[in-house]
Amino acid sequence: MGLLVLFTSLPLIYMISTAFKPYDELFLYPPRFFVRKPTLQNFVDLFTALDSTVIPFSRYVFNSLFTTVVTVFATVIVCSMGAFAIAKYKLPYANTIFNIVIAALMFSPHVTQIPNYLIVSKLHLLNTYWALIIPKIAVAYNLFLMKQFIEQIPDTYLDAARIDGAGEFKIFWQIIMPMCKPAWSTLIVFSFVSNWNDYFSPLIFINRQELKTLPLVLQSLAGGPGQVARSGALAAATFVVTIPTIIVFLIMQSRVMKTMAYSGIKG
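To start, this report covers the structure provided alongside it. Every chain is numbered independently, its residues counted from 1 as its sequence is written. Local features in this predicted model are restricted to residues whose pLDDT is 70 or higher, and side-chain atom pairs enter the listing and the counts only when it is 80 or higher, whereas totals over whole chains, interfaces and linings include all residues. Side-chain measures here rest on the full set of heavy atoms in the structure, leaving out hydrogens and waters.

Axis definition: a line fitted to C-alpha atoms, limited for helices to the stretch in contact. Angles are taken between N-to-C directions and run from 0 to 180 degrees. Strands are runs of DSSP state E lasting at least 2 residues, helices are runs of H or I lasting at least 4, and numbering of each runs from the N terminus. At a minimum axis distance of 9 Å, the contact between helix 9 (residues 140–150) and helix 12 (residues 181–196) shows a crossing angle of 165 degrees. Compared by their axis directions, helix 9 and helix 12 come out roughly antiparallel. With respect to the hand of their crossing, helix 9 and helix 12 are arranged in right-handed fashion. For the pair helix 9 and helix 12, the contacting residues are Tyr141, Asn142, Leu145, Met146 and Phe149 in the first and Pro182, Ala183, Trp184, Thr186, Leu187 and Phe190 in the second. Gly is placed with the polar residues, together with every amino acid not listed as nonpolar (Ala, Val, Leu, Ile, Met, Phe, Trp, Tyr, Cys and Pro) or charged (Asp, Glu, Lys and Arg). Along the lines of polarity and charge, the residues of the contact of helix 9 with helix 12 split into nine nonpolar, two polar and no charged. An angle below 35 degrees is read as roughly parallel, one above 145 as roughly antiparallel, one from 65 to 115 as roughly perpendicular, and any other as oblique. Handedness of a helix crossing follows the sense of rotation of the near helix relative to the far helix, less than a right angle counterclockwise being left-handed and clockwise being right-handed. Should any heavy atoms of two residues lie within 4.5 Å, those residues are considered in contact.

This part is about the environment of proline 11. Note on placement: proline 11 falls in helix 2 (residues 10–19). Type-normalised accessible area, obtained with a 1.4 Å probe on protein chains alone, sets the label of each residue: buried when under 20%, exposed when over 50%, and partly exposed for intermediate values. The exposure class of proline 11 is exposed, given its relative accessible area of 56%.

Here tyrosine 157 lies in helix 10 (residues 155–163). Put simply, tyrosine 157 and isoleucine 176 are 19 residues apart on the chain and 9.3 Å apart in space, counted from C-alpha to C-alpha. Residues contacting tyrosine 157, with those up to four places away along its chain left out, are Ile175 and Met179.

As a further point, take the pattern of salt bridges. A side chain with one charge can pair with a side chain of the opposite charge if their charged atoms come near. Each salt bridge in this description consists of a side-chain nitrogen of Lys or Arg and a carboxyl oxygen of Asp or Glu lying within 4 Å of one another. According to the stated counting rule, one finds six salt bridges in the structure shown. Note that arginine 162 and glutamate 168 form a salt bridge whose closest N and O atoms lie 3.0 Å from each other. Between glutamate 210 and arginine 208 there is a salt bridge; the shortest N-O distance is 2.8 Å. Residue classification places glutamate 210 among the partly exposed residues on the basis of a relative accessible area of 24%. The exposure class assigned to arginine 208 is partly exposed, which follows from its relative accessible area of 40%. Taken together, the salt bridges that share partners define one network made up of Asp159, Arg162 and Glu168.

Before going further, it helps to spend a moment on the side chain of threonine 67. With respect to the helices and strands, threonine 67 occurs in helix 5 (residues 57–88). At a separation of 2.8 Å, a polar atom in the side chain of threonine 67 contacts the main-chain carbonyl oxygen of asparagine 63. Among residues more than four places away in sequence, those in contact with threonine 67 are Tyr129, Leu132, Ile133 and Thr213. Between N or O atoms, a polar contact is any pair within 3.5 Å; within protein, one atom must be a potential hydrogen donor and the other a potential acceptor, and residues adjacent in sequence are included only when both atoms are from side chains.

Structural data, given as structure tokens:
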């Protein structure tokens, strides 16, 4: 198992090593896996290339962090409340609603991008942060994940809370959410990774340079002229974009494993 873990971590190790390689090692043939003379010049070149524009590098980082954090927070709350309503209330046509949600999982986000764009445009949200946040709040997979987890919580907990005089919102916040901590911790990881790395949505909805996110800017940097000269900066950019997702996963790792191994709460 240790050898398998080491093998699967080789791309990550190579990415980190490449970010600190000087130019003579970047273009060495055959390629060298580990860096011999580590340098920070690639990061200096990256910040210099981005700060040479009108918009500073810190603004792109803020855009990515703000839209990602707000989206993750909103999708956890909205999808958890929706899943709680479908799983624990006898709503009319609840099964039909859930089947529609499941059917939405069959469509790639790129397929629905045109109707999403038309809706965002009609709401006059183009070139705003909301164009990157609102379409990603009610996600079918997130609702499905939370619903499957909440269904396994015995109704006796909820009935006991109602007998003690707890309202529905109090039941949700003080019983459902604490018991679903592994599930929404997993949801945080998945949502953070997908939103942080998303450059397609900003490419479609955002034209103003000061509102662009970090992945989109780095993608345009990779496709611009002088790509060979900026190879070190691109390696550093890959490291900068990847490291936040690794940190989030390491923080939530134990709870994610609990969700994957969860066998159900028995009453």
